[in-house]
Amino acid sequence: MENTVHCLVLSFPAQGHINPMLQFSKLLQQEGIKITLSTTIFFGNKLHKLPPSITLETISDGFDSGGFSEAKSFRAYLDHFLQVGPQNLEKLIERLGRTNNPIDCVIYDAFYPWVLDVTKKLGIVGVPFLTQNAGVNSIYYHVLVGKLRVPLDVEEVSLPELPRLRRRDLPSFLLNYEKDPTFLDLAVDQFSNLDQADWILCNSFYELDQEVIDWTKKIWPNFRTIGPSIPSMFLDKRIKHDEDYGATQYKTEECMEWLNNKPKGSVIYVSFGSLASLNEEQLEEVASGLKDCESYFLWVVRPSEETKLPKDFEKKSQKGLVVTWCSQLKVLAHESIGCFVTHCGWNSTLEALSLGVPIVAMPQWSDQATNAKFIVDVWKIGIRVPCDEKQVVRRNGMKECILEIMDGEKGIIIKSNVMRLKALATSAVGVGGSSYQNITEFVNSLFHFTSITQSNRSPAFILQ
Ligand code: UDP
């Protein structure tokens, strides 16, 4: 049995959740912590590759062959996982304790607040990992404590340390609550028992959102920002060869050669992440907008979206390339990229600002509209494309925003703002930076905890 700290890292089954948690796991490994990564069986089976140093142990959510789509509804999925999850997790922790060195700590996706009960029962450290922006977290917390009531009956909300938010700036789950409360309940429940957690980790960095983070720390003094949780080679380059998160659910297509032939800053990169689904009308507007722009474009259209593209749309031409998935970080880091048309998922947002790429914001659902609000009005690193009364972004609006960023006056200011944030993000994770210090403090506390408990394990954890 090795004599080190052993963390189980449990991720929600989605690309935007496993990426930052896997990346954080790699950092902990650098500090000498043993990591076992876990997610659901269905999602684990879909992952193409994992770094060789990471062991994956899946658990059943009860839907091993189809995941969410196997359940009658998303609510039914979550309810069932809540029933079987705690027991399955406990069994996994006990099994790992018999064959490996025992689990000392579970770092879990904050979407699974029930994990904390398991860690308390077993006497180990429980650490929720928040995958969303600090401002978004604050909004959900205010819903939890009843200071922001749903269904919303106001046009604008004002919360401590946040800009005034109109309805269109709020997470979509607040606006759709009456139709289906499931997603908002899931998002809000993240905060239901944080006061009992040993640590609370958040994928952001202090310099990005100082006021909101100071406010958050007054509520939970053990809240720490540890991001951007992005492979080291794209930030301070401390970990050599770390240039990929390491787990993808889609097959990555090659596009570097295509980019290599394009002039500096001449390509529009377009991606709506791993989950958002655009209707045919919207896809047609995006396709036409891109065709009408002077610039080159690289567009990620996932296999499930491809069939909705206009019939005559060329997937590979002089001007544009469509891929089903790419290494987004490598693309954003490529000097040919001039702007990023994005759905504003939190990882994509952090990646764009960490790599100094101006944003054309086209939020779709979940927290994305709020991220877009911060992108445009707080950090001033992008422009949001207007939509019409049908909530569709039209080709001309999109084209105008792209032009403004690629060639306009505003584009110059935005580029300089995003380069400033890139520098701040890099120093946050670099030696002595705010996230670096928080991670060091967290790691030290784990070693301290383990040194106390190692002689004192309950029988379930002792190697048999
Ligand atoms: N991503 C990628 N290749 C692609 C599209 C997306 O590697 O072609 C990655 C992207 O770098 C990010 C994640 O998928 O880390 C998407 O997370 P995000 O929070 O932006 O959006 P979500 O998919 O959760 O809506």
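Named according to an unreviewed UniProt entry, the chain is Glycosyltransferase originating from Pisum sativum. UniProt lists a comment for the chain under the heading Sequence similarities (unreviewed entry), and it reads "Belongs to the UDP-glycosyltransferase family."

Engineer: Describe the overall build of the chain, and please don't skip the residues or the numbers.
Structural biologist: What the chain contains, in helices and strands, is 17 helices and 15 strands. Taking 23 Å as the expected radius of gyration for a compact globule of 464 residues, we find that the chain reaches 22 Å, a close match to that expectation. Along the first, second and third principal axes, the C-alpha set of the chain runs to 70 × 50 × 45 Å. In the chain, buried positions account for 59% of the 464 residues. Pairs at least 24 apart in sequence give 68% of the contacts found in the chain among residues at least 6 apart.

Engineer: If you had to explain the site of the ligand to someone new, which residues and values would you point to?
Structural biologist: As a structural note, the neighbourhood of the ligand is formed by 20 residues, with Ser274, Cys326, Asn347, Ser348 and Glu351 the closest of them. Contacts to the ligand include tryptophan 325, whose side-chain N or O atom sits 3.5 Å from a nitrogen atom. At 3.5 Å from an oxygen atom of the ligand is found a side-chain nitrogen or oxygen belonging to glutamine 328. A total of 550 Å² of accessible area belongs to the ligand in isolation, and the protein chains cover 93% of it. For the shell around the ligand, the element with the most residues is helix 13 (residues 346-355), which contributes 4 residues.

Engineer: Tell me about the nonpolar core, and name the residues and values.
Structural biologist: Ranked by size, the top nonpolar core spans 99 residues in total, and within it Leu89, Ile93, Tyr140, Tyr269, Leu298 and Leu353 carry the most contacts. The greatest single-element share of this core, amounting to 8 residues, is contributed by helix 3 (residues 74-99).

Engineer: Which residues make up the sheet that holds strand 11 (residues 296-300), and what values do they have?
Structural biologist: Strand order in the open sheet formed by 6 strands is 12-11-10-13-14-15, and the pairing between neighbours is parallel. One side of each edge strand has no neighbouring strand; the edge strands of this open sheet are strand 12 (320-323) and strand 15 (382-384). The mean inter-strand angle of the sheet, taken between neighbouring strand axes irrespective of direction, is 15°. Across 4 bridges, the pairing between strand 11 and strand 12 is parallel. What sits directly across from leucine 298, in strand 12, is leucine 321. The strands touched by helix 10 (residues 280-292) are strand 10 (267-271) and strand 11; relative to strand 11, the strand with the most contacts, the crossing angle is about 155°.

Engineer: Tell me about helix 1 (residues 15-30), residues and numbers included.
Structural biologist: When the terminal C-alpha atoms of helix 1 are compared, their 23 Å separation across 16 residues agrees well with the 22 Å that a helix rising 1.5 Å per residue should span. Just downstream of helix 1 lies glycine 32, where phi reads positive at about 90°.

Engineer: Tell me what's going on with the sheet that holds strand 3 (residues 55-56), and back it up with residues and numbers.
Structural biologist: Reading across the sheet, the 7 strands line up as 3-2-1-4-5-8-9 and stay open at both edges, with parallel pairing between neighbours. Looking at the sheet topology across the chains shown, the edges are occupied by strand 3 and strand 9 (223-225). Bridge analysis of strand 1 (residues 6-10) against strand 2 (residues 34-38) gives 5 bridges, and the strand direction is parallel. For cysteine 7, the partnering residue across the bridge sits in strand 2 and is isoleucine 35.

Engineer: Quick rundown of the pattern of salt bridges? Include the residues and the values.
Structural biologist: Within the structure shown, the criterion is met by 18 salt bridges. Note that aspartate 169 and arginine 166 form a salt bridge whose closest N and O atoms lie 3.3 Å from each other. Residues participating in the shared-partner salt-bridge network are Glu281, Glu285, Asp388, Lys390, Arg394 and Arg395.

Engineer: Explain helix 7 (residues 182-189) residue by residue, including any values.
Structural biologist: Among all positions of helix 7, only Thr182, Leu184, Leu186, Ala187 and Val188 are buried. Where the residues of helix 7 are buried, they touch helix 3, helix 5 (134-144) and helix 6 (172-175).

Engineer: Describe unusual backbone geometry, naming the residues involved and giving the relevant values.
Structural biologist: In this chain, valine 150 is followed by proline 151 through a cis amide linkage whose omega measures -5°. Inspection of the secondary structure puts proline 151 in the loop between helix 5 and strand 6 (156-157). That bond from glycine 227 to proline 228 is cis: its omega, -5°, falls within 30 degrees of zero. With a phi close to 65°, lysine 237 is a non-glycine residue in the positive phi region. Following the sequence through the fold, lysine 237 ends up in the loop between strand 9 and helix 9 (256-260). Located in the positive-phi region is lysine 380, a residue other than glycine, with phi close to 55°. You can see lysine 380 is positioned in the loop between helix 14 (368-378) and strand 15. The exposure class of lysine 380 is partly exposed, given its relative accessible area of 45%.

Engineer: Quick one: what's the story with a negative patch on the surface, residue by residue and with numbers?
Structural biologist: A grouping of Glu280, Glu284, Asp312 and Glu314 is seen on the molecular surface, where their side chains present a negatively charged patch. Among the secondary structure elements, glutamate 280 is positioned in helix 10. Judged by relative accessible area, glutamate 280 falls into the exposed class, the value being 52%.

Calculation notes
Starting afresh in each chain, residues are numbered from 1 along the sequence in its written order. Given that this is a predicted model, residues contribute local features only at a pLDDT of at least 70 and side-chain atom pairs are listed and counted only at 80 or more, while totals for whole chains, interfaces and linings are drawn from all residues. Side-chain metrics in this entry use all non-hydrogen atoms of the structure; hydrogen atoms and water are not considered. UniProt positions are given in the numbering used here, feature names are shortened, and annotations may be inferred rather than shown by experiment. Secondary structure elements are defined from DSSP: runs of H or I of at least 4 residues count as helices, runs of E of at least 2 residues count as strands, and each element is numbered from the N terminus. Radius of gyration here uses only the C-alpha atoms, and the compact-globule reference equals 2.2 Å multiplied by the residue count raised to the power 0.38. In this scheme, a residue with accessible area under 20% of its type's maximum is buried, one over 50% is exposed, and one in between is partly exposed, where area comes from a 1.4 Å probe on protein chains only. Only heavy atoms enter the contact rule, under which two residues are in contact if any of them lie within 4.5 Å. Note on definitions. A residue lies near a molecule or strand when any single heavy atom of the residue is within 4 Å of it. Under this definition, polar contacts are N or O atom pairs within 3.5 Å; protein pairs additionally need one hydrogen-donor-capable and one acceptor-capable atom, and for neighbouring residues in sequence, both atoms have to be side-chain atoms. For accessible areas, the Shrake-Rupley method is used with a probe of radius 1.4 Å. Any residue's cover is judged against the shown protein chains and nothing else. The definition of a nonpolar core used throughout is a set of buried Ala, Val, Leu, Ile, Met, Phe, Trp, Tyr and Cys residues joined through side-chain atoms within 4.5 Å. When DSSP finds two or more bridges between a pair of strands, those strands are recorded as paired. Only the stretch in contact is used when a helix axis is fitted, and all axes are lines through C-alpha atoms; the angle between N-to-C directions ranges over 0 to 180 degrees. Expected helix span is taken as 1.5 Å per residue step, with the number of steps being one fewer than the number of residues. Here, a salt bridge means any Lys or Arg side-chain nitrogen found within 4 Å of an Asp or Glu carboxyl oxygen. Each patch is built from residues that are more than 30% exposed by relative accessible area and take part in no salt bridge. Like charges join if they lie within 9 Å; nonpolar side chains (Val, Leu, Ile, Met, Phe, Trp, Tyr) join within 5 Å. For this count, His and the chain ends are skipped, Lys and Arg are scored as positive, and Asp and Glu as negative. Charge positions are represented by NZ for Lys, CZ for Arg, CG for Asp and CD for Glu.

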